[in-house]
Amino acid sequence: MIKTITFDLDDTLWPVWPAIGRAETAMYSWLNEHAPEISRRFSPDQLLELRNRFAAEKQELSFHISLLRMLTMREVAVQCGYDPVIGERAFEVMWRERNRVDLYDDVIPTLKQLRGMGVRLGALSNGNADLREVGLADWFDFALNAVSARQPKPASRMFQLAVEQSCCQPEEIIHVGDDVSSDVLGAKALGLIAIWLDRTGEGCAGEDGAAENADFVIHSLRQLPGLVETLNRSG
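Below: a short report on this structure. Numbering of residues begins from 1 in every chain and follows the order in which that chain's sequence is written. Restriction of local features to residues with pLDDT of at least 70 applies here, the model being predicted, together with a cutoff of 80 or more for giving and counting side-chain atom pairs; totals for whole chains, interfaces and linings are based on all residues. Heavy atoms from the whole structure form the basis of all side-chain values; hydrogens and water molecules are not counted.

Observations concerning the side chain of N99
Among the secondary structure elements, N99 is positioned in the loop between α5 (84-98) and α6 (107-116). Only protein chains enter the accessibility calculation, which uses a 1.4 Å probe; a residue is then buried when its area is under 20% of its type maximum, exposed when over 50%, and partly exposed in between. Here N99 falls in the buried class, since its relative accessible area comes to 3%. A 3.5 Å cut-off defines polar contacts: any pair of N or O atoms within that distance qualifies, except that in protein one atom must be a possible hydrogen donor and the other a possible acceptor, and neighbouring residues in sequence count only when both atoms are side-chain atoms. There is a polar contact of 2.7 Å between the side chain of N99 and the backbone nitrogen of D130. Between two residues, a contact is recorded if the distance between any of their heavy atoms is within 4.5 Å. If near-sequence neighbours (up to four positions away) are discounted, N99 is found in contact with N128, A129, D130, E133 and V134. A helix here means a DSSP run of H or I that spans at least four residues, while a strand means a run of E at least two residues long, and both kinds are numbered starting from the N terminus.

As structure tokens, then:
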């Protein structure tokens, strides 16, 4: 009996790169107006390079994307003669825009249908989106990310916390995600039912053996309620 379904967020419930692109643009525009010395000395690509370098130096914070971004912008502000608070404000602009996502059109109907079936819903993400800011928090019973788990998927910690918070056995939980390594292999390692969401139907470069590794492959979340009903009838 399937009692809980957990979802990855980025590129599962919404396309992530358009949101990140808008967020980076919004932050740079804010810098142009409020901290022009930063935008004079650093191009967007240079800020990205600096952030990647900072992340490489702070491996102990590799799971905390937001903190790494904020600390980077604080350092940039200081380098350019500003109060580090300016860096924090720039990050806040970026973070707000990052949470302005465009949901795939199958998300709300599927969540609504699953709720109607009495299934508990959870979110498991390596990213830094906030379901409250996105506007989806009311659909979910719990939400975990790499910060709360202190490890990103595919490490077992986030999946183990999902098992505990759902009060289910692993075999009573489905995890759905677009990434074979983080979502499929991570979920299967702990005994969850792993569903690979391949929206294009074309597979994915670098995702060798995706169909073989996943318990099921779907191309739309609209397929999920029917699959749950089938599994519950056969279980």
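Some words on the environment of E133
Topologically, E133 is positioned in helix α7 (residues 131-134). Along the primary structure E133 and L68 are separated by 65 residues, whereas in three dimensions their C-alpha atoms are 20 Å apart. Here E133 is in contact with W95 and N99, once residues within four sequence places are set aside.

Brief notes about the packing of helix α3 (residues 44-57) against helix α4 (residues 65-79)
Angle between the axes and distance between the axes are the two parameters that describe a pair of packed helices. Where α3 meets α4, the axes come as close as 10 Å, and the angle between the chain directions of the two elements is 115°. Crossing geometry of α3 relative to α4 is assigned as right-handed. Judged by residue contacts, L47, L50, R51, F54 and A55 of α3 engage L68, R69, L71, T72 and V76 from α4. Residue classes in the contact of α3 with α4 are distributed as seven nonpolar, one polar and two charged. Axes here refer to lines fitted to C-alpha atoms; in helices the fit is confined to the stretch in contact. Angles between the N-to-C directions go from 0 to 180 degrees. Two helices that cross are described as forming a left-handed crossing if the nearer one is turned anticlockwise from the farther one by less than a right angle, and a right-handed crossing if clockwise. When residues are sorted by character, Ala, Val, Leu, Ile, Met, Phe, Trp, Tyr, Cys and Pro go into the nonpolar class, Asp, Glu, Lys and Arg into the charged class, and all the rest, Gly among them, into the polar class.

Some thoughts on the sheet that holds strand β3 (residues 142-145)
Between any two strands, at least two bridges found by DSSP are needed for them to pair. With parallel pairing, six strands are arranged side by side in an open sheet as β3-β2-β1-β4-β5-β6. At either end of the open sheet lies a strand with only one pairing partner, and these are β3 and β6 (216-218). Direction aside, neighbouring strands of the sheet carry axes that sit 25° apart on average. Relative to strand β5 (residues 193-197), strand β4 (residues 173-177) is paired through four bridges, and the arrangement is parallel. Each residue of the ladder has a partner; that of V176, found in β5, is I195. The strands touched by helix α10 (residues 180-189) within the sheet are β4 and β5, with β5 carrying the most contacts at an inclination of about 165°.

Comments concerning the nonpolar core
Ranked by internal contacts, the top residues of the largest apolar core, which has 30 residues, are I5, F7, L13, W14, F140, I174 and V176. Not counting chain neighbours up to four residues away, the residues in contact with W14 comprise L9, R98, V101, D102, L103, Y104, A129, L131, V134 and L136. Judged by nonpolar contacts, the second largest core, of 21 residues, contains M70, C80, F91 and M94. We define a nonpolar core as any set of buried Ala, Val, Leu, Ile, Met, Phe, Trp, Tyr and Cys residues linked to one another through side-chain atoms lying within 4.5 Å.

Quick word on the layout of surface pockets
Of the grid points, spaced at 1 Å and generated over the protein atoms alone, those admitting a 1.4 Å probe that cannot get out make up cavities, while open sets with protein on both sides within 12 Å along at least five of seven lines make up pockets; any residue with an atom within 4 Å of a point is treated as lining. Grid points are joined across faces, edges and corners, and a volume is the space filled by probe spheres set on the points. Roughly 760 Å³ of internal volume is contained in the largest pocket. Lining the largest pocket are 34 residues, with D10, V16, W17, I20 and I65 sitting closest to its centre. Listing elements by their share of the lining of the largest pocket, those giving two or more residues are α1 (16-34), α3, α4, α5 and α10. Top contributing element to the lining of the largest pocket by residue count: α1, with eight residues. Empty space within the second largest pocket amounts to approximately 200 Å³. Breaking the lining of the second largest pocket down by element, the ones donating at least two residues are β2 (120-125), α7 and β3. With three residues, β3 is the single largest residue contributor to the lining of the second largest pocket.

Things to note about empty space enclosed by the protein
A probe matching the size of a water molecule, rolled over the atoms, marks out where space remains unfilled. The final tally for this structure, using the stated rule, is one cavity of 30 Å³ or more. Put simply, the largest cavity is a space of about 50 Å³. Broken down by secondary-structure element, the contributors of at least two residues to the lining of the largest cavity are α3, α4 and α5. With three residues, the single largest contributor to the lining of the largest cavity is α4. When grouped by side-chain class, the residues that make up the lining of the largest cavity number five nonpolar, one polar and two charged.

These figures come from the coordinates and say nothing about function on their own.
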